[in-house]
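Residue-level structure breakdown
Chain by chain, the residues:
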Amino acid sequence: MATTAPVHPVDEVPPVRQLAAFGLQHVLAMYAGAVAVPLIVGSAMKLSAADLAYLITADLLVCGIATLVQCVGFWRFGVRLPIMQGCTFAAVSPMVLIGTTGGGLPAIYGSVIVAGLAIALLAPVFGKLLRFFPPLVTGTVILIIGVSLLPVAGNWAAGGQGAKGFGEPKNLALAGFVLLVVLGVQRFAPAFLSRIAVLIGIVVGLAVAVPFGTDFGGVGDADWLGISTPFHFGTPTFHASAIASMLVVALVTMTETTGDLIAVGEMTDRRVEPRPLADGLRADGLSTVLGGVFNTFPYTAYAQNVGLVGMTRVRSRWVVAAAGGILVLLGLLPKLGAVVAAIPAPVLGGAGLVMFGTVAASGLKTLAQADFKGNDNLTVVAVSVAVGMLPVGVPTVYAQFPDWFQTVMNSGISAGCLTAIVLNLLFNHLPGKAGSPTKDAEPGEASATA
């Protein structure tokens, strides 16, 4: 009698009820970050409220499409892992500069389209570099991703960056309450409920916050239906300087996405090989091209959702695909998006603390696979984490450097990742010091080349 091959947890399709709950949880985890990029860029360009709303709905729509491409996949596009896509923060500064001094939104979209095509073309090259990401490097990068996100959760917990009551005790108390609810549900609730602990924490936190004046005014002002049309802000224009800066952003986002894909591969027990990595990066490129066409920005994997996968242990890619479907709905129905946008920042902050901390802890788990005896691997980790945390702790540390340098190094993730790769090559792949024993490659690492 023939036996059916077991389905990998990544490919399992949960019941519809669970798909909806788990998917909504992913949407809530990334929503604030997703809408922040169009808000920052649009505000810097002094766009009208109507244009800002248009940018946000366009962003949510393409976020959903990009997530579906990444999770479901077609042909050679999509890593087919639980990966949530969103606008990259690495592009914010260059886009503000292009938009305010170099040609407005059409120039931004022209450079975004070129960057997306470049990512798609370079994807196979990045796929071949996977051997330079042994557990020593991947664990360090995952650790940096988690730690660098913690200030984001801290800002949310305090009320949101620039908020009038930033840091007030009531904000931190609400964030702490949500954190306690998440932990309590995860520890004491039945298995299904523990897997949506973040969603329950956010819903309970919102219920507590409503009597204290949560603003739902934007819900009434929002339209019921909104459709993003190609080139709404005009035909893209192509400026050499804008394209050059966005190509640097493309390399940064490819590095960040590589770290996120490897992290999710570790968490789901489906190791990312060179071909799936190239497919995932190619999906990033396609999504970025769509962003330029449909009035939004470059796309990358969202690290906060990596933490949610690790925390809930729900590994199905179809859960995140469901989240992509929800984002498409939010992009087409602005009133629904306004409801989600009304969730107070401290509520998201309480949930974010545990999610982002989970990413950092996963990095430590991966580092446990590396060998730290009789070698310099501890130095590799120490210096990489230090370089990665520098722009997080001192955001203006590179303010006097050229724009291209700031684009690369102001992202703690890309700065730490590049440092870890270079130091791993220096200490573990180059010939050893005279008189010292030959260093063997650590488990999971490519052999050193002469």
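Residues numbered from 1 in each chain as written. Predicted model: local features only at pLDDT ≥ 70, side-chain atom pairs only at ≥ 80, totals over all residues. Heavy atoms only, no water.

**Some words on the overall build of the protein**
When you go through the protein residue by residue, the secondary structure sums to 18 helices and 2 strands. Counting across all 450 residues of the protein, residues that qualify as buried make up 55%. If you take every contact in the protein between residues at least 6 apart in sequence, the share linking residues at least 24 apart comes to 82%. For the protein, the accessible area works out to roughly 19,000 Å², and carbon and sulfur atoms hold 68% of it. (Helix = DSSP H or I, 4+ residues; strand = E, 2+ residues; numbered from the N terminus. Buried < 20%, exposed > 50% of the residue type's maximum accessible area, 1.4 Å probe, protein only. Contact = heavy atoms within 4.5 Å. Areas by Shrake-Rupley, 256 points an atom, 1.4 Å probe, with all protein chains shown as cover.)

**Examining the side chain of Ser 287**
By the secondary structure assignment, Ser 287 is in helix H11 (residues 274–293). Exposure remark for Ser 287: the relative accessible area of 1% places this residue in the buried category. Among all residues touching Ser 287, those that are not within four sequence positions of it are Val 62, Ala 66, Gln 85 and Tyr 299.

**Observations concerning the layout of surface pockets**
For the second largest pocket, the calculated volume is near 290 Å³. At the level of elements, helix H10 (240–268), helix H12 (303–312) and helix H15 (345–367) are the ones that each hand at least two residues to the lining of the second largest pocket. The element that contributes the greatest number of residues to the lining of the second largest pocket is H15, accounting for 4 residues. (1 Å grid on protein atoms, 1.4 Å probe; cavity = no way out; pocket = protein on both sides within 12 Å on 5 of 7 lines; lining within 4 Å. Points joined across faces, edges and corners; volume = space filled by probe spheres on them.)

**Things to note about the environment of Pro 135**
Relative to the helices and strands, Pro 135 is located in helix H5 (residues 135–157). The exposure class of Pro 135 is buried, given its relative accessible area of 5%. Counting along the chain gives 231 residues from Pro 135 to Thr 366, while the straight-line C-alpha distance between them is 6.0 Å.

**Focus on the packing of H5 against helix H18 (residues 412–428)**
Contact geometry for H5 and H18: axes closest at 9 Å, N-to-C directions at 160°. Considering their axes alone, H5 and H18 lie roughly antiparallel with respect to each other. Crossing hand, H5 versus H18: right-handed. Along the contact surface, H5 presents Leu 136, Val 137, Thr 140, Val 141, Ile 144, Ile 145 and Ser 148, while H18 presents Gly 412, Ile 413, Gly 416, Cys 417, Ala 420, Ile 421, Asn 424 and Asn 428. (Axes fitted to C-alpha atoms, helices over the stretch in contact; angles between N-to-C directions. Parallel < 35°, antiparallel > 145°, perpendicular 65-115°, else oblique. Left-handed = near helix turned anticlockwise from the far one by under 90°.)

**Considerations on the pattern of salt bridges**
Applying the stated criterion across every chain yields a total of 7 salt bridges. With its nearest N and O atoms 3.8 Å apart, the salt bridge here joins Glu 168 to Lys 170. The exposure class assigned to Glu 168 is partly exposed, which follows from its relative accessible area of 34%. Connected through shared salt-bridge partners, Asp 11, Arg 270 and Arg 317 make up one network. (Salt bridge = Lys/Arg side-chain N within 4 Å of Asp/Glu carboxyl O.)

**Remarks on the nonpolar core**
Residues Met 95, Ile 108, Val 198, Ile 202, Phe 297, Leu 327 and Met 355 are the most contacted members of the largest nonpolar core, which totals 110 residues. Excluding its chain neighbours within four sequence positions, the residues that come into contact with Met 355 are Ala 29, Val 198, Gln 304, Gly 307, Leu 308 and Met 311. Core analysis: the second largest hydrophobic core is formed by 8 residues, Ala 360, Ala 370, Val 381 and Leu 423 among them. (Core = buried A, V, L, I, M, F, W, Y, C linked by side-chain atoms within 4.5 Å.)

**Topic: the side chain of Gln 85**
In this structure, Gln 85 sits in strand E1 (residues 85–87). Among the residues examined, Gln 85 registers a relative accessible area of 0% and is labelled buried. In terms of polar contacts, Gln 85 uses its side chain to reach the side chain of Asp 284, at 2.5 Å. Only 3.5 Å separates the side chain of Gln 85 from the backbone nitrogen of Ala 301, close enough to count as a polar contact. When near neighbours in sequence (up to four residues on either side) are disregarded, Gln 85 contacts Met 30, Cys 63, Ala 66, Thr 67, Gln 70, Asp 284, Ser 287, Tyr 299, Thr 300 and Ala 301. (Polar contact = N/O pair within 3.5 Å; in protein donor to acceptor, adjacent residues only side chain to side chain.)

**Overview of the packing of aromatic side chains**
Applying the stated criterion across every chain, the model contains 7 aromatic pairs. Centre to centre, the rings of Phe 74 and Phe 77 are 5.1 Å apart; their planes meet at 20°, and the pair counts as stacked. Of the residues examined, Phe 77 reaches a relative accessible area of 15% and is grouped as buried. Centre to centre, the rings of Tyr 398 and Phe 405 are 5.4 Å apart; their planes meet at 75°, and the pair counts as edge-to-face. (Phe/Tyr/Trp six-rings, centres within 6.5 Å; stacked < 30°, edge-to-face > 60°.)

**Some details on a nonpolar patch on the surface**
A surface patch of nonpolar side chains, amounting to about 360 Å² of accessible area, comprises Phe 177, Val 204, Val 208 and Phe 212. Mapped onto the elements of the fold, Phe 177 is located in helix H6 (residues 169–188). According to the relative accessible area criterion, Phe 177 is partly exposed, its value standing at 33%. (Patch = residues over 30% accessible without salt bridge, like charges linked within 9 Å, V, L, I, M, F, W, Y side chains within 5 Å.)

**Here's the deal with the confidence of the model for the protein**
Looking at the protein as a whole, its pLDDT mean stands at 81, while 89% of the residues score no less than 70. Ranking the elements of the protein by mean pLDDT puts helix H9 (residues 217–221) last with 61 and H11 first with 92. Considering only residues more than four positions removed or in separate chains, one finds that residues 434–450, a stretch of pLDDT under 50, has 29 contacts. (pLDDT = per-residue confidence, 0-100.)

**So, helix H4 (residues 104–127)**
End to end, H4 covers 34 Å across 24 residues, agreeing with the expected 34 Å (1.5 Å per residue, within 8%). When the local axis directions of H4 are compared, the greatest deviation, roughly 40°, occurs at Leu 121, which is followed within four positions by the proline Pro 124. Among the 24 residues of H4, 17 are classified as buried, and the element is accordingly described as predominantly covered. (Expected span 1.5 Å × (residues − 1). Bend = angle between axes of the 7 residues up to and from the residue.)

**Things to note about helix H16 (residues 377–393)**
For H16, spanning 17 residues, the distance from its first C-alpha to its last is 24 Å, which sits close to the expected 24 Å at 1.5 Å a residue. Taken as a whole, H16 has its buried residues at Asn 377, Val 380, Val 381, Ser 384, Gly 388, Met 389 and Pro 391.

**Here's the deal with unusual backbone geometry**
Positioned with a positive phi, Phe 231 is a non-glycine residue whose angle comes to about 55°. Note on Phe 231: relative accessible area 37%, which makes it partly exposed. With phi around 70°, Asn 295 is a residue other than glycine that occupies positive phi space. Inspection of the secondary structure assignment puts Asn 295 in the loop between H11 and strand E2 (299–301).

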